[in-house]
Amino acid sequence: MTNQEIVTKFLNGFNNPEQIQESLALLADGYKFKNPMVELNSKEEFIALAKQIGAVITGIEIINIAENGNWIAVSYDFKSSVKGLESNAGTEWFRIEDGLIKESNLIYDTAEWRKFYAQMKE
């Protein structure tokens, strides 16, 4: 698989619950994930987060994908079942090493998501 195919397969797993395990298998054990609200330092931590977000994320539509060495940049729209947050633009950078995703950094507008998570904690 090419680096772009690895990232595409990973993201497409969020469109089909039956494929999510195959997606998570593409993560290196020491996978590092960062977004404006959280920073994780292992595959296990990400899997725990994926279970939580999987409850509200309904799909990912890749808009554009570009490669620079072992970095893949993806612009995508992630859909959710949360009222007011049905469509969200995000850009995520993935670093691939030895056929696995070693790290990724997701950038998106968190203002409304922070409100949503604050309400959930109440």
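Before reading on, note that the structure itself is shown above.
Reading guide: rules and limits
- Residues numbered from 1 in each chain as written.
- Predicted model: local features only at pLDDT ≥ 70, side-chain atom pairs only at ≥ 80, totals over all residues.
- Heavy atoms only, no water.
- Phe/Tyr/Trp six-rings, centres within 6.5 Å; stacked < 30°, edge-to-face > 60°.
- Buried < 20%, exposed > 50% of the residue type's maximum accessible area, 1.4 Å probe, protein only.
- Helix = DSSP H or I, 4+ residues; strand = E, 2+ residues; numbered from the N terminus.
- 1 Å grid on protein atoms, 1.4 Å probe; cavity = no way out; pocket = protein on both sides within 12 Å on 5 of 7 lines; lining within 4 Å.
- Points joined across faces, edges and corners; volume = space filled by probe spheres on them.
- Nonpolar A, V, L, I, M, F, W, Y, C, P; charged D, E, K, R; others polar.
- Polar contact = N/O pair within 3.5 Å; in protein donor to acceptor, adjacent residues only side chain to side chain.
- Contact = heavy atoms within 4.5 Å.
- Salt bridge = Lys/Arg side-chain N within 4 Å of Asp/Glu carboxyl O.

**Re the packing of aromatic side chains**
In step 1: Taken as a whole and judged by the stated rule, the model has 13 aromatic pairs.
In step 2: Between the aromatic rings of phenylalanine 10 and phenylalanine 14, the centroid separation amounts to 5.5 Å while the plane-to-plane angle is 80°, which identifies the pairing as edge-to-face. For the residue pair phenylalanine 10 and phenylalanine 14, the accessibility class agrees, reading buried in each case.
In step 3: When the ring of tryptophan 113 is compared with that of phenylalanine 116, the centres are 5.8 Å apart and the planes differ by 90°; the resulting orientation is edge-to-face. Of this pair, tryptophan 113 and phenylalanine 116 both sit in helix 4 (residues 111-121), three residues apart, which is roughly one turn of the helix.
In step 4: By way of ring pairs, the aromatic residues Phe10, Phe14, Tyr31, Phe33, Phe46 and Phe94 are connected into one cluster.

**Comments concerning the layout of surface pockets**
In step 1: Looking at the largest pocket, its volume works out to about 630 Å³.
In step 2: Along the walls of the largest pocket sit 26 residues, with Asn35, Leu49, Ile53, Tyr108 and Tyr117 positioned nearest its centre.
In step 3: Listing elements by their share of the lining of the largest pocket, those giving two or more residues are helix 1 (3-12), strand 1 (27-35), strand 2 (38-40), helix 3 (43-54), strand 3 (57-68), strand 4 (71-80), strand 6 (100-108) and helix 4.
In step 4: In terms of residues, the lining of the largest pocket owes the most to one element, helix 3, which gives five residues.
In step 5: Among the residues forming the lining of the largest pocket, the class breakdown is 21 nonpolar, three polar and two charged.
In step 6: Of the pockets and cavities examined, the second largest pocket occupies roughly 230 Å³.
In step 7: Taken together, 14 residues form the lining of the second largest pocket, with Phe14, Pro17, Ile20, Ala50 and Gly54 sitting closest to its centre.
In step 8: Looking at the lining of the second largest pocket, the elements with two or more residues in it are helix 2 (20-24), helix 3 and strand 3.
In step 9: Here the lining of the second largest pocket takes four residues from helix 3, the largest share from any one element.

**Some details on the environment of valine 82**
In step 1: Turning to its location among the elements, valine 82 is positioned in the loop between strand 4 and strand 5 (87-97).
In step 2: A residue is classified by how much of its surface remains accessible, and valine 82, at 9% relative accessible area, is buried.

**Digging into the side chain of serine 23**
In step 1: Within the secondary structure, serine 23 sits in helix 2.
In step 2: Residue serine 23 is classed as buried on the basis of its relative accessible area, which comes to 0%.
In step 3: Here the side chain of serine 23 touches phenylalanine 10 through a polar contact of 2.9 Å, landing on its backbone oxygen.
In step 4: Apart from residues no more than four positions distant in its own chain, serine 23 is found in contact with Lys9, Phe10 and Gly13.

**Brief notes about the pattern of salt bridges**
In step 1: Under the defined criterion, the tally for this structure stands at six salt bridges.
In step 2: The closest approach of N and O atoms between lysine 79 and aspartate 77, which form a salt bridge, is 2.5 Å.
In step 3: We classify aspartate 77 as buried; its relative accessible area is 10%.
In step 4: In this structure, the salt-bridge partner of arginine 95 is glutamate 103, at a minimum N-O distance of 2.6 Å.
In step 5: Residue arginine 95 is classed as buried on the basis of its relative accessible area, which comes to 19%.

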